[in-house]
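Listed below are the residues making up each chain.
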Amino acid sequence: MNFHVLTLFPEMIEQGMHTSIIGRAIAGGYLSIDAINIRDYAFNKHQKVDDYPYGGGAGMLMQAEPVYLAYESIQKKLGYRPRVVYLTPQGEVFHQTMAKELAKEKDLVFLCGHYEGIDERVLDEIVTDYVSIGDYVLTGGELPAMVMMDSISRMVPGVLSNQESGETESFAENLLEYPQYSRPEEWHGQKVPPVLLSGHHANIEAWRREQSILRTAKRRPDLLKKADLTNKEWSQVRQWKKEWKAAETEASDK
């Protein structure tokens, strides 16, 4: 997987993406990250890439031509038009299924806006995907691009030392990950659940499945609509909800 990032701050991408798992994957040849400075394609000695928007309004707008020329440099090098993700609050909210889909690409371009955004004409010309990482506004697209690259990278074969960990963690089946424990067996008066010490793998898997459903029902009930639960599991979810509602009613009456 080759990531190409069109940005005004290449050092931010380079410093943020060469550590931990991603750094090892780059060193191992499973990933590459190329940060392209849009300012290098400006037509003035001060490398100015922004101007006032037509029609007035606050702030400055990134101009179309430097962005397009930076993109064109990638296209010419690759020999084809790669998929281009523009990071914007107006896009589809990023999710795990999207990460898996994008991980299938050989090359992926991220376009990071700044100031008040980018001239619409170049977006129409080059962007294939408009993506948001949440309903809030940031100062630029660099942080969202790094979030997406981190998530997508985990789906690329060879990046994780144990590929299973990328398939069984949170959101893999629209369920949150079950709670996990390590040594010591007791800490601050809290003990590791006995089933995890039993060595009985079937019981452990059943417990983990139940805990994943329980945690999802509590913290992200919206995900349960997409989860593949059995009738028995749905009955258990309804029972938990009744118990939680009763507990809330009792607490409010005190």
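- The protein is annotated in an unreviewed UniProt entry as tRNA (guanine-N(1)-)-methyltransferase of Blautia obeum.
- In its Function (unreviewed entry) section, the UniProt entry covering the protein states "Specifically methylates guanosine-37 in various tRNAs."
- We quote the UniProt Subunit (unreviewed entry) comment for the protein here in full: "Homodimer."

1. Topic: the side chain of Gln-211
Now for step 1: With respect to the element layout, Gln-211 can be found in helix H8 (residues 201–219).
Now for step 2: Note on Gln-211: relative accessible area 18%, which makes it buried.
Now for step 3: What Gln-211 contacts, discounting residues up to four positions off in sequence, is Tyr-178 and Pro-179.

2. Details of the UniProt feature "binding site: S-adenosyl-L-methionine" (unreviewed entry) in the protein
Now for step 1: Taking the numbering used here, the UniProt-annotated feature "binding site: S-adenosyl-L-methionine" (unreviewed entry) corresponds to Gly-113, Ile-133, Gly-134, Asp-135, Tyr-136, Val-137 and Leu-138.
Now for step 2: Counting through the fold element by element, Val-137 comes out in the loop between strand S7 (129–132) and helix H6 (142–153).
Now for step 3: Take Leu-138: it is sitting in the loop between S7 and H6.
Now for step 4: The residues touching Leu-138, leaving out its near neighbours within four places in the chain, are Ile-133, Leu-143 and Pro-144.

3. With respect to the sheet that holds strand S2 (residues 32–37)
Now for step 1: The strand order across the open sheet formed by 5 strands is S2-S1-S6-S5-S7, and the pairing between neighbours is parallel. Looking at which strands have only one partner, the edges of the open sheet turn out to be S2 and S7. Looking at each pair of strands side by side, their axes are set apart by 30 degrees on average, direction ignored.
Now for step 2: With 4 bridges joining them, strand S5 (residues 83–93) and strand S6 (residues 107–111) adopt parallel strand pairing. Of the residues in S6, the one forming a bridge with Arg-83 is Leu-108.
Now for step 3: Its contacts with the sheet put helix H3 (residues 64–78) on strand S1 (2–7), S2, S5 and S6, and the angle it makes with S1 is roughly 160 degrees.

4. Observations regarding the environment of Leu-229
Now for step 1: Residue placement: Leu-229 occurs in the loop between helix H9 (221–224) and helix H10 (231–253).
Now for step 2: Other than its neighbours up to four places away in sequence, Leu-229 contacts Leu-175, Arg-209, Ile-213, Leu-224, Trp-234 and Val-237.

5. Concerning the nonpolar core
When a protein is soluble and globular, its nonpolar side chains tend to lie buried together.
Now for step 1: With 29 residues, the main nonpolar core has Phe-3, Phe-110, Met-148, Met-149 and Ile-152 as its most contacted residues.
Now for step 2: Elements with a minimum of two residues in this core: S1, helix H2 (20–27), S2, S5, helix H4 (96–102), S6 and H6.
Now for step 3: Contact partners of Phe-3, with chain neighbours within four places excluded, come to Leu-31, Ser-32, Ile-33, Asp-34, Leu-108, Phe-110, Met-149, Ile-152 and Ser-153.
Now for step 4: Counting residues in hydrophobic clusters, the runner-up holds 21 residues, among them Val-49, Val-67, Ile-118 and Leu-123.

6. A closer look at the packing of H8 against H10
For any two helices packed against each other, one specifies the inter-axial angle together with the distance between the axes.
Now for step 1: At their nearest, the axes of H8 and H10 sit 11 Å apart, and the two run at 50 degrees to each other. In terms of axis orientation, H8 runs oblique to H10. Between H8 and H10 lies a crossing of right-handed hand. Across from Arg-209, Glu-210, Ile-213, Leu-214, Ala-217 and Lys-218 in H8, the residues of H10 making contact are Glu-233, Val-237, Trp-240 and Trp-244.
Now for step 2: Here the residues of the contact of H8 with H10 sort into 6 nonpolar, no polar and 4 charged.

Conventions adopted
- Residues numbered from 1 in each chain as written.
- Predicted model: local features only at pLDDT ≥ 70, side-chain atom pairs only at ≥ 80, totals over all residues.
- Heavy atoms only, no water.
- UniProt positions renumbered as here; feature names shortened; annotations may be inferred.
- Helix = DSSP H or I, 4+ residues; strand = E, 2+ residues; numbered from the N terminus.
- Buried < 20%, exposed > 50% of the residue type's maximum accessible area, 1.4 Å probe, protein only.
- Contact = heavy atoms within 4.5 Å.
- Pairing = 2+ DSSP bridges.
- Axes fitted to C-alpha atoms, helices over the stretch in contact; angles between N-to-C directions.
- Core = buried A, V, L, I, M, F, W, Y, C linked by side-chain atoms within 4.5 Å.
- Parallel < 35°, antiparallel > 145°, perpendicular 65-115°, else oblique.
- Left-handed = near helix turned anticlockwise from the far one by under 90°.
- Nonpolar A, V, L, I, M, F, W, Y, C, P; charged D, E, K, R; others polar.

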